[in-house]
Amino acid sequence: ILKQCLKQFVPNELVEHPKSGFGVPIEYWLKKPLREWASDLLSPTQLKSQGFLDAQKVSRLWDGFLNGQNQSHYLIWNILTFQSWLYRTR
């Protein structure tokens, strides 16, 4: 019904356009509004106490990202998701 209504006001190419995804600004979030949260979860002390991830490697990855030496924000996001889950389950 919505498509039929839209066709009166919007070109057909836009109404019949297939769905498409959109990017999430993870890089921006990690460098700005979520930086403190991420730093806490990725702190060497936190990582060592949990014992699942190599604290030195994660710290190098995080520091390199913050310094613009790598674009590994998706990998860091995966690590943060794991860390957040682990923190909540303990």
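Please read these numbers as outputs of a predicted model, since none were measured by experiment.

Honestly, the overall build of the protein chain in this entry has me stumped. Any pointers?
Regarding its fold elements, the protein chain presents 7 helices and 0 strands. Computed over C-alpha atoms, the radius of gyration of the protein chain comes to 20 Å, more than 25% over the 12 Å expected from 2.2 N^0.38 for 90 residues, which places it beyond the range of a compact globule. The C-alpha extent of the protein chain, read off along each of the three principal axes, is 60 × 35 × 20 Å. When the 90 residues of the protein chain are sorted by exposure, 27% land in the buried category. The long-range fraction of contacts in the protein chain, counting pairs at least 24 apart against all pairs at least 6 apart in sequence, stands at 59%. Surface accessibility of the protein chain: about 7,000 Å² in total, with carbon and sulfur atoms responsible for 57%. With 11 positive and 7 negative side-chain charges, the protein chain shows a separation of 4 Å between the mean positions of the two kinds.

Could you clarify how one ought to interpret the nonpolar core in this entry?
What tends to happen in soluble globular proteins is that the nonpolar side chains get buried as a cluster. If you look at the biggest cluster of nonpolar residues, it comprises 14 residues, and the most contacted ones within it are Leu30, Leu42, Trp62, Ile76 and Leu80. Residue assignment for this core shows that the elements contributing at least two residues are α3 (26-31), α4 (35-41), α6 (55-66) and α7 (73-89). Broken down by element, this core gets its largest block of residues, 5 residues, from α6. Among all residues touching leucine 30, those that are not within four sequence positions of it are Arg35, Ala38, Trp62, Phe65, Leu66, His73, Ile76, Trp77 and Leu80.

Is there a simple way to explain the side chain of serine 72 in this structure?
With respect to the helices, strands and loops of the structure, serine 72 is situated in the loop between α6 and α7. Leave out the neighbours within four places in its chain, and serine 72 touches Leu61 and Phe65.

Any chance you could explain the pattern of salt bridges here in plain terms?
For side chains of opposite charge, pairing can occur when their charged atoms come near one another. Following the criterion strictly, the structure yields 3 salt bridges and no others. Its salt-bridge partner being glutamate 16, residue lysine 3 comes within 4.0 Å of it at the nearest N-O pair. Here lysine 3, found in helix α1 (residues 2-6), pairs with glutamate 16, found in the loop between α2 (12-15) and α3; they are 13 residues apart in sequence, far enough to count as distant. Residue lysine 3 is classed as partly exposed on the basis of its relative accessible area, which comes to 46%. In this structure, glutamate 16 and lysine 7 form a salt bridge, with 3.0 Å as the shortest nitrogen-oxygen distance.

When you look at the environment of alanine 38 in this model, what are you seeing that I'm missing?
Secondary-structure assignment places alanine 38 in helix α4. Taking relative accessible area as the criterion, alanine 38 reaches 0% and is therefore assigned buried. With 41 residues separating them along the chain, alanine 38 and isoleucine 79 place their C-alpha atoms 9.7 Å apart. Setting aside residues up to four positions removed in sequence, alanine 38 forms contacts with Leu30, Trp62 and Leu80.

The rules behind each value
Residues numbered from 1 in each chain as written. Predicted model: local features only at pLDDT ≥ 70, side-chain atom pairs only at ≥ 80, totals over all residues. Heavy atoms only, no water. Helix = DSSP H or I, 4+ residues; strand = E, 2+ residues; numbered from the N terminus. Rg over C-alpha atoms; globule rule 2.2 N^0.38 Å. Buried < 20%, exposed > 50% of the residue type's maximum accessible area, 1.4 Å probe, protein only. Contact = heavy atoms within 4.5 Å. Areas by Shrake-Rupley, 256 points an atom, 1.4 Å probe, with all protein chains shown as cover. Lys, Arg positive; Asp, Glu negative; His and termini not counted. Charge placed at Lys NZ, Arg CZ, Asp CG, Glu CD. Core = buried A, V, L, I, M, F, W, Y, C linked by side-chain atoms within 4.5 Å. Salt bridge = Lys/Arg side-chain N within 4 Å of Asp/Glu carboxyl O.

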